[in-house]
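Secondary and tertiary structure notes
What follows is each chain in one-letter form.
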Amino acid sequence: MQIFLIRHGESLANCARQKAEAEHSPTIDFDGREQDVLLTERGKLQAEKAGEFFANQSNKPNIIFSSPYMRTRETTEILINSANFKHTQLVYDERLRERELGIFDGLTKLGAMQKYPAECTKREHYGKFYYRPVGGENWADVALRVRSFWQDLRQDFTDENIIIVTHEVVIRVFRYVLENLTEAEILAIDKSCDVENGAITSYKFENGKVVLELDNFLPK
């Protein structure tokens, strides 16, 4: 069994957030639902590069699981075409969706501090792994989704090579679950770098052990 975790390509919301943070704006200038965000042209190219990576692999994945959000769906469709996958099964699974931000949705860090100072103080106290924003999820909530999904994979797909197209926090939490990390260990990894759009993290399973092969690898 081999698993490849891929973050979706750069999205319009990624760019809008970066612009808002750079301009010290309290809000992110982006309309529409989180679920409907599309890829940028750069994001589409990143998805193509990921597909080219798999086109050159001798051991092809048998099945692809994707978050149902539009940016992951787009990434998956482009990847399939670029890799020339013809018989690979595709399944959309809502457990792979991005962490829900609740009251912080659409706000920059500055905006969150201005609008919800008491909640931000609580977030600093409890830490990002366990703090749950009103109406949203913490990382532990995402871990429950990931553990449920992982249990199904182990039960039904033990002999398969699998691609999972998902989001940044979900990939971090997969590492937390698969490598049996502590809160401090996964947050140190998260602090060290971002998961790049279009990057690949992969694991193989040998003699009952999980082995990290690729870590945040960005195909060129």
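Residues numbered from 1 in each chain as written. Predicted model: local features only at pLDDT ≥ 70, side-chain atom pairs only at ≥ 80, totals over all residues. Heavy atoms only, no water.

This brings us to the packing of helix H7 (residues 168-178) against helix H8 (residues 183-192). It is at 10 Å that the axes of H7 and H8 come closest, and there the two elements cross at 140°. Along this stretch, H7 crosses H8, giving a crossing that reads as right-handed. In this structure, H7 contributes Arg 172, Arg 175 and Tyr 176 to the contact, and H8 contributes Glu 183, Ile 186, Ile 189 and Asp 190. Residue classes in the contact of H7 with H8 are distributed as 3 nonpolar, no polar and 4 charged. (Axes fitted to C-alpha atoms, helices over the stretch in contact; angles between N-to-C directions. Helix = DSSP H or I, 4+ residues; strand = E, 2+ residues; numbered from the N terminus. Left-handed = near helix turned anticlockwise from the far one by under 90°. Contact = heavy atoms within 4.5 Å. Nonpolar A, V, L, I, M, F, W, Y, C, P; charged D, E, K, R; others polar.)

Turning our attention to the sheet that holds strand S6 (residues 209-217). The strand order S3-S2-S4-S1-S5-S6 describes an open sheet built from 6 strands, whose pairing is mixed. Two strands bound the open sheet, and with one partner strand each, they are strand S3 (89-92) and S6. Here the strands of the sheet are splayed against their neighbours by 15° on average, with no regard to which way each runs. In this sheet, strand S4 (residues 161-166) lies alongside strand S1 (residues 2-7) in parallel orientation, the contact comprising 6 bridges. Considered in S4, the bridge of Gln 2 is made with Asn 161. Where helix H2 (residues 41-55) meets the sheet, its contacts fall on S1, S4, strand S5 (200-206) and S6, and the angle it forms with S1 comes to roughly 165°. Sitting on the sheet, helix H3 (residues 70-83) is in contact with S1, strand S2 (63-66), S3 and S4, with an inclination near 160° to S2. (Pairing = 2+ DSSP bridges.)

To continue, consider the pairing of S5. Taken together, the 5 bridges between S1 and S5 define a ladder with antiparallel strand orientation. By the bridge assignment for S5, Leu 5 is matched with Thr 201. With 6 bridges joining them, S5 and S6 adopt antiparallel strand pairing. Its bridge partner lying in S6, Ile 200 is registered against Phe 217. Counted along the chain from S5 to the antiparallel partner S6, the turn is 2 residues long, and its residue Asn 207 has a positive phi close to 50°.

A word on the packing of H2 against H3. It is the contact of H2 with H3, at a shortest axis distance of 7 Å, that shows an interaxial angle of 40°. Here H3 runs oblique to H2, going by the angle between their axes. Seen from above, H2 lies across H3 with right-handed handedness. Contacts from Lys 44, Ala 47, Glu 48, Ala 50, Gly 51, Glu 52, Phe 54 and Ala 55 in H2 reach Glu 74, Thr 75, Ile 78, Leu 79, Ser 82 and Ala 83 in H3. By residue class, the composition of the contact of H2 with H3 is 7 nonpolar, 3 polar and 4 charged. (Parallel < 35°, antiparallel > 145°, perpendicular 65-115°, else oblique.)

Our next topic: a nonpolar patch on the surface. Taken together, the side chains of Leu 12, Leu 38 and Met 70 define a hydrophobic patch exposed on the protein surface, amounting to about 230 Å² of accessible area. When you line up the elements, Leu 12 lands in helix H1 (residues 12-22). With relative accessibility at 40%, the residue Leu 12 sits in the partly exposed group. (Patch = residues over 30% accessible without salt bridge, like charges linked within 9 Å, V, L, I, M, F, W, Y side chains within 5 Å. Areas by Shrake-Rupley, 256 points an atom, 1.4 Å probe, with all protein chains shown as cover. Salt bridge = Lys/Arg side-chain N within 4 Å of Asp/Glu carboxyl O. Buried < 20%, exposed > 50% of the residue type's maximum accessible area, 1.4 Å probe, protein only.)

Once that is clear, we can look at H3. The end-to-end C-alpha distance of H3, which contains 14 residues, comes to 20 Å, matching closely the 20 Å that a straight helix rising 1.5 Å per residue would cover. Taken together, the buried positions of H3 are occupied by Arg 71, Thr 72, Glu 74, Thr 75, Thr 76, Leu 79, Ile 80 and Ala 83. At its buried positions, H3 is contacted by S1, H2, S2, S3 and S4. (Expected span 1.5 Å × (residues − 1).)

On to the environment of Tyr 203, then. Following the sequence through the fold, Tyr 203 ends up in strand S5. Residue classification places Tyr 203 among the buried positions, given a relative accessible area of 0%. Once residues lying within four places of it in the same chain are set aside, the contact partners of Tyr 203 are Met 1, Gln 2, Ile 3, Leu 5, Arg 175, Leu 178, Glu 179, Val 210, Val 211, Leu 212 and Glu 213. A polar contact is formed between the side chain of Tyr 203 and the side chain of Glu 179, at a distance of 2.5 Å. (Polar contact = N/O pair within 3.5 Å; in protein donor to acceptor, adjacent residues only side chain to side chain.)

Purely spatial values, then, with no claim about function.
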